[in-house]
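Descriptive analysis of the structure
The chain contents come next:
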Amino acid sequence: MMVLLVILTFTLSLLTPLIAKLNRNQIGVILAALPLAIFIFFAGLYSPISTGEVFRELYNWIPTLGIDFTFYLDGLSFIFTLIISFVGVIVFLYANSYLKNDSSIVRFYVSLLIFMGSMLGLVLSDNFYVAFIFWELTSISSYLLIGHYHEKEASRFSALQALLVTASGGLALLAGFIILESISGVNSFSALPALSDQIISHPLYTTALILILAGAFTKSAQFPFHFWLPNAMEAPTPVSAYLHSATMVKAGVYMLARLNPSLGNTEIWQYALLFFGSATMILGAIYTFRQTDLKRILAYSTVSVLGTLVMLLGIGTDLAIKAFVIYLIAHSLYKGALFLVAGIIDHETGTRDATKLGGLFALMPITAISAFLAGLSNIGIVPLIGFIGKETVYSAAIEFNKFGYLFILLAIVTNIFIIVATIRTGFQPFLGKKRKTPQHAHEPPFYMLLGPCLLSFAGLPMGIFASRIIGNLINYSELGIISTKISIPVKLWHGLNEIFWLSVITVLLGLALYVIKKRFTSFLEKNNLPDQFSSSFWYGKSIGFLLYIARWQTLILQNGRLRYYILFIILATLGFIFPLFFSHSVFDRLLISFEFHFSEILICIMIIVATIFTIIAPSRLMAVAGLGVVGIGVTLIFLLLGAPDLALAQFAIETLTVILFVLVLYKLPKFIPQTNLSVRVKDFIIAIAAGFMMTLIVLLTASENMVSDLKRYFSETSLTEGFGRNIVNVILVDFRAIDTLGEITVLGIAAISIYALLKLQIKKDDDK
């Protein structure tokens, strides 16, 4: 059933254009039925999951490589599937109104469905390589979603930046998976924990770990890869709420949590997650202070939360894992709501600038209440779930024996900045004096208002009944983050203990910092670090260097002249092959026979004469005629060697090629030689060397005893299994069917592209 739901999501993306033709105005409402059904299905599994049961589905895909569609549902993947599907319902409904007048709304929903299916496939996949495929699909679909407003240069830049960073990390992740399989002998996440000692003791463990961390860090915007996430706010608000708050950016965190039982328990794992997580946590919080755009403030605060989640995995204690789960759920609720509120403000007022907003409560009371609830949860006010999350983070930091006071200090400072950011995004736009906005503000349509209301109000029951709803998942389910069961109660209220007073102090300091924010902003501007300390600066330098190399190699290797392309290919081949000839003494193994038939000598002479004639021909048509004679000579060789089918195919191709060449070259200007004597001498030497190399390869191949089980297999099974007497044809059509299908697919795509270019009509301006 799990595999079917994922396939159904991708299938619905293909049917979306047809659904849009039936009812374009309510397409989001119609499509929201699928994530709603997925949420209901997985929510119905709460009881067995919360008692420790796991579900597994296996469908064979490429059994020879050990790659199968193995879907695995435990406590960890269960939490993620509920977040993906529940927030998905809200985003689909929200976008129905937010993008109602968007001409590209169908393309938007297609990409959004692909993304949702990819995220579900990622968190449910038990196989490394299937998970990697879904991992990359999230990057591709997010690229399309971030660049939805592709007519804007900023959107194109942000989409490309996100794709380059996350896809580069994806390649590192794939390399890490390959090494991990070579170490453990398995490619299943669920099988890895039992092999933890074998993996950790292996010499390649560190290499695999670094590659996997690189992939996870890029996806979840960890320092120093954090810069792409705020820039991705060029995407429509539904995308920001779904991808960059609740789901995609947590994919890297999910991967770390999933691999924690097998790769954790080492100092390098712990210190890496602690350092990069805490650095991301504090930097993301500080960066919120200098932003004025509501979505960028929320984006940097999301970066900070992602760092907190990674830091908690680095701490790795039972209490830290408990904090990880609670914080993960809480953030998806309140941050998704705040992103949607920011979109409503932008949609209804025409601006997202926090300095130009105020007094909107009277005009948008329901939106304001939703923002207040989400903001209070973000700040950590009882009885909302955000309060439990923040207190548990503090408890985990204090309990940690290694540098515990350092991490509690970092957590407090981080939350102080987050409180200021929350006030600016969730409270400031609605309170105070009414400011003039580009548009007259009012409450948004129902479907836009429904999302933030559901997400923000959900924080109340999730906080009040946390012990019943979340506690069972943490304590009794097969959580998949650590190898042992946790036994820690989840409570809303622990009394007036030191953690509570730390929370009170944090809130008071956050309010104080908000009061003096102008002076603090001025201080930050005066003490701004040089650009060289910015990750985005080095990203720009890297892209600039890459473009420089591309321009340089284009001028040399891809200058538009075919003769140079051929020249570079031949020289590269000579450079690689000739050293092998001399280093392996292949000349001693050559078996040269001088027994020739008269017909063979005659054909060789004909080919040589035709080749010379082609080279010295004074016109293109004569050169083509000489080239055709060379092809006919090769055809005769095939015929003499007992390959009549190949000879017939070669003859047909040579005849057709000559005709096509004549038809094309007949229209070209008169042939004018463009090379001097020295160039021709150089080309002659290179051609002789290439011919000598090919002769050696042919002689060496003929000298070897070509014993192959494939020859016997093909000859024995071509008729019985392929039902063909022509072995070559059976190989191409049956035994190499996937390769042939790939070639046909490439040709088909090329044909479609050519057709699209031929049908392309460029609109001209009216004044031209």
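Shown above is the structure to which this text applies.
1. Thoughts on the pairing of strand β2 (residues 67-73)
With 6 of 7 residues buried, β2 lies mostly within the body of the structure. Summarising the sheet, strand β1 (residues 55-62) and β2 pair through 7 bridges and their orientation is antiparallel. Bridge pairing links Ile62 to Ile67 in β2. Linking two consecutive strands that pair antiparallel, namely β1 and β2, is a turn of 4 residues; a positive phi of about 70 degrees is found at Gly66 within it.

2. Structural notes on the pattern of salt bridges
Scanning the entire structure with this criterion turns up 6 salt bridges. Of the charged contacts, one joins Asp683 and Arg563 as a salt bridge, the two residues approaching to 2.5 Å between their closest N and O atoms. A residue pair is termed long-range when its members are at least 10 positions apart, and Asp683 in helix α29 (residues 677-703) and Arg563 in helix α25 (residues 562-583) qualify at 120 residues. Taking the relative accessible area as the measure of exposure, Arg563 reaches 29% and is therefore partly exposed.

3. Comments concerning the packing of helix α14 (residues 267-287) against helix α15 (residues 294-315)
Interaxial distance between α14 and α15 falls to 7 Å at its minimum, and their mutual angle equals 160 degrees. Of the possible angle classes, the one that applies to α14 and α15 is roughly antiparallel. Seen along the crossing, α14 lies across α15 with a hand that is left-handed. Counted together, Trp269, Gln270, Leu273, Leu274, Gly277, Ser278, Thr280, Met281, Gly284, Ala285 and Tyr287 of α14 and Tyr300, Ser301, Val303, Ser304, Gly307, Thr308, Val310, Met311, Leu313, Gly314 and Ile315 of α15 form the full contact between these two elements. Looking at the contact of α14 with α15 residue by residue, the classes come out as 12 nonpolar, 10 polar and no charged.

4. A closer look at unusual backbone geometry
Glycine aside, the phi torsion of most residues is negative, and most peptide linkages are trans. With an omega of 10 degrees, the peptide bond between Phe223 and Pro224 qualifies as cis. Secondary-structure assignment places Pro224 in the loop between α10 (205-219) and α11 (228-231). Cis geometry is found at the peptide bond from Val382 to Pro383, where omega equals 10 degrees. Examined against the element boundaries, Pro383 turns out to sit in the loop between α17 (365-379) and α18 (385-399). Within the chain, Ala221 stands out as a residue other than glycine whose phi angle is a positive 55 degrees. The phi dihedral of Asn265 falls on the positive side, at around 65 degrees, and the residue is not glycine. Mapped onto the secondary structure, Asn265 falls in the loop between α13 (251-263) and α14.

5. Regarding the side chain of Thr302
You can see Thr302 is positioned in helix α15. Here the side chain of Thr302 touches Lys335 through a polar contact of 3.5 Å, side chain to side chain.

6. Section: empty space enclosed by the protein
The final tally for this structure, using the stated rule, is 3 cavities of 30 Å³ or more. The computed volume of the largest cavity comes to approximately 70 Å³. As for the largest cavity, its lining consists of Met281, Ser304, Val305, Thr308, Tyr327, Lys390, Val393, Ala411, Thr414, Asn415 and Ile418. When grouped by side-chain class, the residues that make up the lining of the largest cavity number 6 nonpolar, 4 polar and 1 charged. In this model, the second largest cavity occupies a volume close to 50 Å³.

7. Observations concerning the packing of aromatic side chains
This structure, assessed with the given rule, holds 32 aromatic pairs. Taken together, Phe10, Trp61, Phe69, Phe71 and Phe134 form an aromatic cluster joined through their ring pairs. The residue whose ring lies beneath Lys152 is Tyr149, and the NZ or CZ to ring-centre distance is 5.0 Å. Just above the ring of Tyr514 sits the side chain of Lys517; from NZ or CZ to the centre is 4.2 Å.

So, how was this worked out
- Residue numbering note: each chain is counted from 1, following its sequence as written.
- It should be noted that, the model being predicted, local features are given only for residues of pLDDT at least 70 and side-chain atom pairs only at 80 or more, the latter also being counted only at that level, while totals for whole chains, interfaces and linings use all residues.
- Excluding hydrogens and water, the side-chain values take into account all heavy atoms of the structure.
- Three exposure classes are used, based on accessible area relative to the maximum for each residue type with a 1.4 Å probe and protein chains only: buried under 20%, partly exposed in between, and exposed over 50%.
- A run of H or I in DSSP becomes a helix once it reaches four residues, and a run of E becomes a strand once it reaches two; helices and strands are each numbered from the N terminus.
- Strands were regarded as paired on the criterion that DSSP finds at least two bridges between them.
- Within this document, salt bridges are pairs made up of a side-chain nitrogen of Lys or Arg and a carboxyl oxygen of Asp or Glu, the two lying within 4 Å of each other.
- Every axis corresponds to a line fitted to the C-alpha atoms, with the helix fit spanning only the stretch in contact, and the corresponding angles, defined between N-to-C directions, vary from 0 to 180 degrees.
- Note on angle classes: values under 35 degrees are labelled roughly parallel, values over 145 roughly antiparallel, values of 65 to 115 roughly perpendicular, and the remainder oblique.
- Put simply, a crossing is left-handed when the front helix is turned counterclockwise from the back one by less than a right angle, and right-handed when it is turned clockwise.
- Note on contacts: a residue pair is in contact if any heavy atoms of the two residues lie within 4.5 Å.
- Under this grouping Gly is polar, as are all residues other than the nonpolar Ala, Val, Leu, Ile, Met, Phe, Trp, Tyr, Cys and Pro and the charged Asp, Glu, Lys and Arg.
- By the criterion applied in these results, polar contacts are pairs of N or O atoms within 3.5 Å in which, for protein atoms, one can donate a hydrogen and the other can accept it, and in which residues neighboring in sequence qualify only through two side-chain atoms.
- A cavity, in this analysis, means grid points on a 1 Å lattice covering only the protein atoms where a 1.4 Å probe fits yet has no way out; a pocket is instead an open set bounded by protein on both sides within 12 Å along at least five of seven lines, and a residue lines either one if it has an atom within 4 Å of a point.
- Grid points are joined across faces, edges and corners, and a volume is the space filled by probe spheres set on the points.
- Only Phe, Tyr and Trp rings take part, Trp by its six-membered ring, and two of them pair if their centres are within 6.5 Å. Stacked means planes under 30 degrees apart, edge-to-face means over 60, and tilted covers everything else.
- A ring is considered to have a charge above it if a Lys NZ or an Arg CZ atom is located within 6 Å of its centre and within 35 degrees of its normal.

Geometric descriptors of this kind do not, in isolation, establish any biological role.
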